[in-house]
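Examination of the molecular architecture
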Amino acid sequence: MRPIDFMNPNILLLPILVLGMQSCDSGSTPATGGGTSPPYVSAPDCVGAGNIIAEEAAAPFNATYVRVQHIGDRGTAELGGEVANRVTWRVGEFTGLFPPESTVGDFQRGYRDDPPPVSASAFQLWCNGAGFFINTWQFGHAIALVGEGPSVSIARDLSPAPAPFRDSGSALTLEAAIDVRHANYQAPHVGDGTAQVSFYYYVQDRTSGVVLAHLIILFDSRPFGVGGSGVESVGSDGHNAFVSSPLRETDATGAPVRFVRALPQSAPMRVVTPWARPDLFRAQVTRDMFGALLARLKAGPLPAISAGPEDYDVLSFGVLAEVFPGTGGEHNLSFGGSVLDLRLSGS
C-alpha cells in the first residue's frame, strides 16, 4: 500500500504474548481455527521457510506465511528468484531474529546470498517468528509501481473466514511483538524513501462481494504530519479501498482516531527512529468503530457496500513492512525487523 501523501493528489492511497522463541523444525503446524463467530482465535504457530512465498503464489490457509513482493523490476531474474535461494549469513543482525547457527540457511531465503557490506535483501521464517530485510540499493526498481512498493507481508489467510462483528459487544484484536531495528535512508523524504510497518486485515462484504482493508500504522519513517504520516485517512492501493489509522489516541492533525484503539500494554505508533527490541503492539477494533469505518467508506469510494458490521468476514490479517524507493537512485533505503507471535482474536 502506498504511503499517503496529502501534498500529492496523484498518490492514493493475546492474552499477553510469550516473546521467547519456541523450538522449531522446518515443518508447518497450522494455527488453531476458531470457527466463524466470536469468540475465536488465530494463534501463533510454528512454520518454516517452505512458507516463504513470492508475488501472487498461493498461500496456505490457517498457517503463517511470508509473502515477498517487488524485490526487483518486472521481468528480471532478481524478481523471479527473489525467494528462491538459501541465505546463509546472519540476517538477524538487521532483523533481530536469530535461527540456530547450524541451521540458519534452512530458515532464510533471498536472491543473492551476499552478507555485509553488500547486505542483499533476505527473508526469514523460523517457527513463531518472521524477519525481513529489504535493501533497495541491491535490486532494480526503475519500473514504477502504482499504489504499492517493495514489501513483505507476514500473514495468515483464514478458513473458515470468521465474522467478528456479529454481536453488539464484539471486537477484533490484532497482536504481535515487533522489532524494527534497522532503517537507513539515503536522503530526507516525504514520499519516495518512506518505510512503514502496519497491522492489516482484509474483510469481505457478504452482500456485495466487495473486499476492503484496514491498515493500522505502527511505524512511519517520516515525522508525524509529514506527507500525511500519522493521519487517519482513506486511500486505495489500486485494487482495494482501505482506511489507514495510526495506533494512537489522536492523529497528527489532533483529531481523535476513530477506527482503532491501542489496548493496555501496547506500544503506540512510532516514527523516524527504529527501536531494536521486540515491543508488544495490541490493536483493537470494536463493532462500533468498524461500523464508523464502513460509514466513511460508504460515503466515499464504496457506496454499494453494506453498512452492517455483521455482514463482513475476515479473509486475512498480518503485518506489512513496505518501502517506497521510487524509480530513481535518489531515495534508496534499507529496512529490517521481525515479528513474533502474530495473533488475531475476536470476542
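Summary of the structure given here. (Residues numbered from 1 in each chain as written. Predicted model: local features only at pLDDT ≥ 70, side-chain atom pairs only at ≥ 80, totals over all residues. Heavy atoms only, no water.)

**Let's talk about the overall build of the chain**
Each helix and strand in the chain was counted, giving three helices and 18 strands. Per-residue burial over the chain gives 59% buried out of 347 residues. Surface exposure of the chain reaches about 12900 Å², of which carbon and sulfur atoms provide 53%. (Helix = DSSP H or I, 4+ residues; strand = E, 2+ residues; numbered from the N terminus. Buried < 20%, exposed > 50% of the residue type's maximum accessible area, 1.4 Å probe, protein only. Areas by Shrake-Rupley, 256 points an atom, 1.4 Å probe, with all protein chains shown as cover.)

**Here's the deal with the state of the cysteines**
Counting across every chain of the model gives one disulfide. The side chain of cysteine 46 participates in a disulfide bridge whose partner is cysteine 127; the two sulfur atoms lie 2.2 Å from each other. Negative torsions about the S-S bond denote left-handed disulfides, and the value of about -120° found for cysteine 46 with cysteine 127 makes this one left-handed. Pair noted here: cysteine 46 is in the loop between strand E1 (40-42) and strand E2 (52-54) and cysteine 127 is in the loop between strand E6 (122-126) and strand E7 (129-135), with a separation of 81 residues, a long-range link. (Disulfide = S-S within 2.5 Å.)

**Details of the side chain of asparagine 62**
With respect to the helices and strands, the residue asparagine 62 is situated in the loop between E2 and strand E3 (65-69). Among the polar contacts made by the side chain of asparagine 62, one reaches the main-chain carbonyl oxygen of serine 159 at a distance of 2.7 Å. (Polar contact = N/O pair within 3.5 Å; in protein donor to acceptor, adjacent residues only side chain to side chain.)

**Let's talk about the pairing of E3**
Counted residue by residue, E3 has five buried out of five residues, so it is predominantly covered. Here E3 shows no split at all, with Tyr65, Arg67 and Gln69 on one side and Val66 and Val68 on the other all buried. Inspection of the sheet shows E2 paired to E3 by three bridges, in the parallel sense. Residue isoleucine 53 lies in a different strand from E3, and its bridge partner there is arginine 67. Where E3 and strand E8 (residues 151-157) come together, five bridges link them in antiparallel fashion. Its bridge partner lying in E8, valine 66 is registered against isoleucine 154. (Pairing = 2+ DSSP bridges.)

**Thoughts on the layout of surface pockets**
With a probe scaled to a water molecule rolled over the atoms, the places where space remains empty come into view. Of the pockets and cavities examined, the largest pocket occupies roughly 610 Å³. If you go around the largest pocket, you meet 22 residues; those closest to its centre are Glu56, Arg67, Gln69, Ser153 and Tyr202. Of all the secondary-structure elements, those providing two or more residues to the lining of the largest pocket are E3, E8, strand E10 (194-205) and strand E17 (312-324). Element by element, the count of residues in the lining of the largest pocket is highest for E17, at four residues. The calculated volume of the second largest pocket comes to roughly 230 Å³. Contributing to the lining of the second largest pocket are 19 residues, with His141, Ile143, Ala144, Leu145 and Pro150 lying nearest its centre. Residue classes in the lining of the second largest pocket are distributed as seven nonpolar, seven polar and five charged. (1 Å grid on protein atoms, 1.4 Å probe; cavity = no way out; pocket = protein on both sides within 12 Å on 5 of 7 lines; lining within 4 Å. Points joined across faces, edges and corners; volume = space filled by probe spheres on them. Nonpolar A, V, L, I, M, F, W, Y, C, P; charged D, E, K, R; others polar.)

**Some thoughts on the side chain of aspartate 313**
Within the secondary structure layout, aspartate 313 lies in strand E17. Exposure remark for aspartate 313: the relative accessible area of 14% places this residue in the buried category. One polar contact links aspartate 313 to arginine 206, side chain to side chain, over a distance of 3.0 Å. Those residues in contact with aspartate 313, other than ones at most four positions away along the chain, are Ala161, Pro162, Ala163, Tyr202, Val203, Gln204 and Arg206. (Contact = heavy atoms within 4.5 Å.)

**Brief notes about the environment of glycine 80**
Turning to its location among the elements, glycine 80 is positioned in helix H1 (residues 77-80). Taking relative accessible area as the criterion, glycine 80 reaches 68% and is therefore assigned exposed. Note: C-alpha distance between glycine 80 and tyrosine 111 (31 residues apart in sequence) is 8.7 Å.

**Observations concerning the nonpolar core**
In this structure, Ile178, Phe199, Tyr201 and Ile216 are the most contacted members of the largest nonpolar core, which totals 63 residues. Ignoring any residue separated from it by four or fewer positions in sequence, one finds tyrosine 201 in contact with Leu172, Leu174, Leu212, Ala213, His214, Ile216, Val285, Phe290, Leu293, Ser316 and Phe317. Among the nonpolar cores identified, the runner-up in size contains twelve residues, and Tyr200, Ala213, Ile217 and Leu320 belong to it. (Core = buried A, V, L, I, M, F, W, Y, C linked by side-chain atoms within 4.5 Å.)

**Concerning the environment of leucine 145**
With respect to the secondary-structure elements, leucine 145 resides in the loop between E7 and E8. Through-space distance from the C-alpha of leucine 145 to that of glycine 326 is 8.1 Å; in sequence the pair is 181 residues apart.

**Looking at the packing of aromatic side chains**
Applying the stated rule across the entire model yields eleven aromatic pairs. Taking 6.2 Å as the distance between ring centres and 90° as the angle between the ring planes, the aromatic pair formed by tryptophan 89 and phenylalanine 133 counts as edge-to-face. One end of the pair, tryptophan 89, is in the loop between strand E4 (85-86) and helix H2 (92-95); the other, phenylalanine 133, is in strand E7, and 44 residues separate them in sequence. In this structure, tryptophan 89 and phenylalanine 133 share a single accessibility class: buried. Across from the ring centre of phenylalanine 224, 4.1 Å away, lies the NZ or CZ of arginine 248, which sits over that ring. Seen from the ring of tryptophan 275, arginine 270 lies directly overhead, with NZ or CZ sitting 4.8 Å from the centre. (Phe/Tyr/Trp six-rings, centres within 6.5 Å; stacked < 30°, edge-to-face > 60°. Lys NZ or Arg CZ within 6 Å of the ring centre and 35° of its normal.)

It is worth stressing that arrangement in space is one thing and function is another; only the former is reported here.
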